Amino acid sequence: MRTRLLLWGIGAAGVVLGVLVSVLIAVSDIIDDHAANIMATVLIGWSFLGIGLYAWGTRPSNRIGPLMVGVGFAWMLGMLQCSDLALPFTIGLVMSPSAFAIVLHLLLAYPTGRLGSRAARAVVALGYADVIVGSLVYAMLVRNPDGIENGPRNLLLVEDAPGAADAALTALTVVGLVAIVSGALLLVARWRAASTARRRSLAPLLWTGALLLVFAAVMLAADIAGSDDLEDGFSIFSVFLLTAAPYAYLAGLMSSGWARGRTMGDLVSGLNAAEARSGVRDAMAEALGDPTLTVAFKRHDRDEWVDADGRRFEPPPGREVTEIARDGQVIGALVHRGGLSGDPELLRAVADTAALALENERLQAELRARVAELRESRANLISFGLAERRRLERDLHDGAQQRLVALSLQVNLARAKIDDDPATAATLLDSAREELAQALDELRELARGIHPAILTDQGLGPALTALAERSPVPVEIGPLPAQRLPSSVEAAAYFVVSEALANVAKYADATHATVRVAREDGHAVVEVVDDGVGGADPSRGTGLRGLAERVAALDGRLEIVSPTGCGTIVRADLPCASS
Amino acid sequence: MAVTVLIVDDHPSFRATARLLLEVEGYDVVGEARDGTEAIAEAERLRPDLVLLDVNLPDIDGFEVASRLTKAANGTPSSGPAVILTSSRDPSDFGSLVHESGARGFIPKAELSGAALAALLG
């Protein structure tokens, strides 16, 4: 409401100023073509004012509106130069170049209202500094610019020095020329970097503005060269272009709405026609005018980004990411080049329109990721199984088999000695018995590693108790599920506890460990906690890796929390089928 | 004169039992080696008549060791020791490797005896 009032106030002030300036021009003795000057004053001044206020009202946070209003006021104040009264004339003398500096600012800030780059800010600052310092210095040195006899008094005049004034004017012009040419180059660069959709909305003002800058540059150059004819000719064109500028902005404002409508229409038909997997991406790339666009999907089964093929995805550096949500949940992200975020409304509209199609693609990507994981887990499981069998063969060969070989030889030897040297034969048989006992132990241990009989026969509780009793570190068995778990889950739980307790004994330097197994929401959660030195690294050592594979094969997760000095928690989360 | 023997095996219990057994049977066990590299060095140093060589050694394969002990650099048979391979595995696990290695033959570990060695040495 307050903004509205302010806008109305500014509008009224602008109208009053236009009328006032027109009256002063009408009664001025120092000019001939009163009508043309009055026309120029109100046509350009009020056009900028009116369209500026409209823009200000519809997009209050965008500075384009205030800048246009500023151009309108500066222009009308500059026209006071035509007055033959001392005060208005002096104001006009100082203000006349300032409208051009604001126009430069306006063009470079279009359409966001912000000066995006350091270069743009520098050019605009140069423009403002030029018109403020230059026109003040000039006004102090010149009685009146056209050398009119008995002209209005210049209130700022310090000393009439035509030579110095000319030099100041030339400096003002050259610096202005530099600012204008740099500004024009920046506009060209902006155009080249813009997306197709963005060009549609940029076009009207950018082209008008670029032409205006070119004409202004030629005019200033002609001024330096002293070619009045050229200057006058181009001045008419530039007045025309200056008048056109606010209307071009209005056209841009409307066409960007239309362009957006057309873009969205194309996108919708593109989405409907999308059959190939890349169809949705292609339609969006087309709509946004960014052929490098990629789409990433959020997996909902785990907190991870994947591409359309389900492969894990990291946005490359230097790319911008716009997240896409559906029903309040992030489903994906557009990974696009930097310039696109200058048009956040278009980006948002495209993302919202494509959300449904993307959700569909997201599900497919998630499925692909899942399939790839299963494939990898199956391959890991097979190689893990092979490695396990190799280990068993080696254990058998190096252990029990060697003992039995030695045993066989000792028995042969004893048999050979039994008649001549019964005492040696007896020693050999004792040694053979020892060898046999150790071979049996090793075989038993090996069989337990393959599958503990107690687990099959008695269940998880007695099997874990047996593990705890064999452990050199005191182990407390916490609450266990009352019912039997699926045998694959029991086996995995057993081996998790077995490996964890073996590690506690070998590395943890613990005084105590606790084993818990709980059933939660259709999952079995197995936990082994010790009070040892911590610092266990799951990537090191084949035991924990093998366990992770075994757990992953059941679609479970193995987690190891082991801060240095604070003990270790090994936790396996194993989904149980309905049994 | 007794046949001199070098026993090559990475299991100390086998080396000890084999030494005992062969000495009882009248062989002169002049040395022991734990792996292929040591076997080649010891055979060079001790010049035994016979090397009893385990197939599964931690460094070089027993067949390769046999080959190096029995063949000169140009591939022709050298005047090196007689080599008899042994293993706790079955000889059928090795196919024709025993023959190709230049060894005189193969004795399963559990069947090791002076008579078995003598039969292969001829």
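First things first, this report covers the structure right here in the doc. Along each chain, residues carry numbers from 1 onward, in the same order as the chain's sequence is written. For naming, the first written chain is A and the first written ligand is 1, with later ones following in the order written. This being a predicted model, a pLDDT of at least 70 is required before a residue's local features are given, and a value of 80 or more before pairs of side-chain atoms are given or counted; all residues contribute to the totals for chains, interfaces and linings.

## Section: the overall build of chain A
Link 1 in the chain: Of regular secondary structure, chain A possesses 16 helices and 9 strands.
Link 2 in the chain: Around each residue's C-beta, the other C-beta atoms within 10 Å are counted; 20 or more make the residue buried, 12 or fewer make it exposed, and counts in between make it partly exposed. All C-beta atoms are placed from the backbone. In chain A, buried positions account for 38% of the 579 residues.
Link 3 in the chain: Here, residues touch in the contact sense if the C-beta positions derived from the backbone fall within 7 Å of one another. Taking all contacts inside chain A whose residues are at least 6 apart in sequence as the whole, residues at least 24 apart take part in 66%. By definition, any uninterrupted DSSP run of H or I lasting at least four residues is a helix, any uninterrupted run of E lasting at least two residues is a strand, and each is numbered from the N terminus.

## Some points on the overall build of chain B
Link 1 in the chain: Counting secondary structure elements, chain B contains 5 helices and 5 strands.
Link 2 in the chain: When the elements of chain B are put in sequence order from the N terminus, they spell out β-α-β-α-β-α-β-α-β-α.
Link 3 in the chain: Pairs at least 24 apart in sequence give 55% of the contacts found in chain B among residues at least 6 apart.

## Observations regarding the nonpolar core
Link 1 in the chain: Core analysis: the largest hydrophobic core is formed by 71 residues, its most contacted members being Met68(A), Val71(A), Val103(A), Leu104(A), Leu106(A), Ala216(A) and Ala245(A).
Link 2 in the chain: What Ala216(A) contacts, discounting residues up to four positions off in sequence, is Phe100(A), Ile180(A) and Ser238(A). What we call a nonpolar core is a set of buried Ala, Val, Leu, Ile, Met, Phe, Trp, Tyr and Cys residues whose membership is set by joining through C-beta atoms within 7 Å.

## A closer look at the sheet that holds strand S7 (residues 523-530) of chain A
Residue and element names in this part refer to chain A.
Link 1 in the chain: Whether two strands pair depends on DSSP finding at least two bridges between them. Strand order in this open sheet of 5 strands is S5-S6-S7-S9-S8, and the pairing throughout is mixed. Pairing within the sheet leaves two strands with one partner each, and these edge strands are strand S5 (475-477) and strand S8 (557-561). Averaged over all pairs of adjacent strands, the angle between their axes in this sheet comes to 15°, without regard to strand direction.
Link 2 in the chain: Where S5 meets strand S6 (residues 513-520), 3 bridges bridge the pair, whose relative direction is parallel. Bridge pairing links Ile477 to Val515 in S6.
Link 3 in the chain: The angle between two axes is taken between their N-to-C directions and runs from 0 to 180 degrees, where each axis is a line fitted to C-alpha atoms and a helix contributes only its stretch in contact. On the sheet, helix H14 (residues 460-470) packs against S5 and S6 and is oriented at approximately 170° with respect to S5.

## Observations regarding helix H4 (residues 86-95) of chain A
All names here are of chain A.
Link 1 in the chain: Where burial is concerned, most of H4 is hidden: 7 out of the 10 residues are buried.
Link 2 in the chain: If you check which residues of H4 are buried, you get Pro88, Phe89, Thr90, Gly92, Leu93, Val94 and Met95.
Link 3 in the chain: On its buried face, H4 is in contact with helix H1 (2-26), helix H3 (64-78), helix H5 (98-109) and helix H6 (118-141).

## Topic: the environment of Leu436(A)
Link 1 in the chain: By the secondary structure assignment, Leu436(A) is in helix H12 (residues 422-450).
Link 2 in the chain: Residues Leu436(A) and Leu407(A) lie 29 residues apart in sequence; the distance between their C-alpha atoms is 6.8 Å.

## Regarding the sheet that holds strand S2 (residues 28-33) of chain B
All names here are of chain B.
Link 1 in the chain: Ordered in space as S2-S1-S3-S4-S5, the 5 strands form an open sheet in which the pairing is parallel. Here the strands that pair on one side only, and so sit at the sheet edges, are S2 and strand S5 (105-108). Mean inter-strand twist for the sheet, computed between neighbouring axes without regard to direction, equals 25°.
Link 2 in the chain: Packed on one face of the sheet, helix H5 (residues 114-121) meets strand S3 (50-54), strand S4 (82-87) and S5 and runs near 135° to S4.

## Let's talk about the environment of Leu172(A)
Residues and elements named next belong to chain A.
Link 1 in the chain: Checked against the element boundaries, Leu172 lands in helix H7 (residues 162-193).
Link 2 in the chain: For Leu172, a count of 20 C-beta atoms within 10 Å translates into the label buried.
Link 3 in the chain: Between the alpha carbons of Leu172 and Asp130 there is a distance of 6.1 Å; along the sequence they are 42 residues apart.
Link 4 in the chain: Leaving out residues up to four positions away in the same chain, Leu172 has contacts with Asp130, Gly134, Ser135 and Tyr138.

## Observations concerning the packing of helix H2 (residues 34-58) of chain A against H3(A)
All names here are of chain A.
Link 1 in the chain: Interhelical geometry of H2 versus H3 gives an angle of 160° and a closest axis separation of 7 Å. With respect to H3, the element H2 is oriented roughly antiparallel. As for the relative orientation of H2 and H3, their crossing is left-handed in sense. Together, Thr41, Ile44, Gly45, Trp46, Phe48, Leu49, Ile51, Gly52, Leu53, Ala55 and Trp56 of H2 and Ile64, Gly65, Pro66, Met68, Val69, Val71, Gly72, Trp75 and Met76 of H3 make up the contact between the two elements. Working definition: roughly parallel below 35 degrees, roughly antiparallel above 145 degrees, roughly perpendicular at 65 to 115 degrees, and oblique for all remaining angles. By definition, any crossing whose near helix is turned counterclockwise from its far helix by less than a right angle is left-handed, and any crossing with a clockwise turn is right-handed.

## Examining H6(A)
All names here are of chain A.
Link 1 in the chain: Here a helix's expected span is defined as the number of its residues, less one, multiplied by 1.5 Å. Between its first and last C-alpha, H6 extends 34 Å over 24 residues, near the 34 Å set by a 1.5 Å rise per residue.
Link 2 in the chain: Within H6, burial applies to Ala120, Val123, Val124, Gly127, Asp130, Val131, Ser135, Tyr138, Ala139 and Leu141.
Link 3 in the chain: Looking at the buried residues of H6, the elements they touch are H4, H5 and H7.

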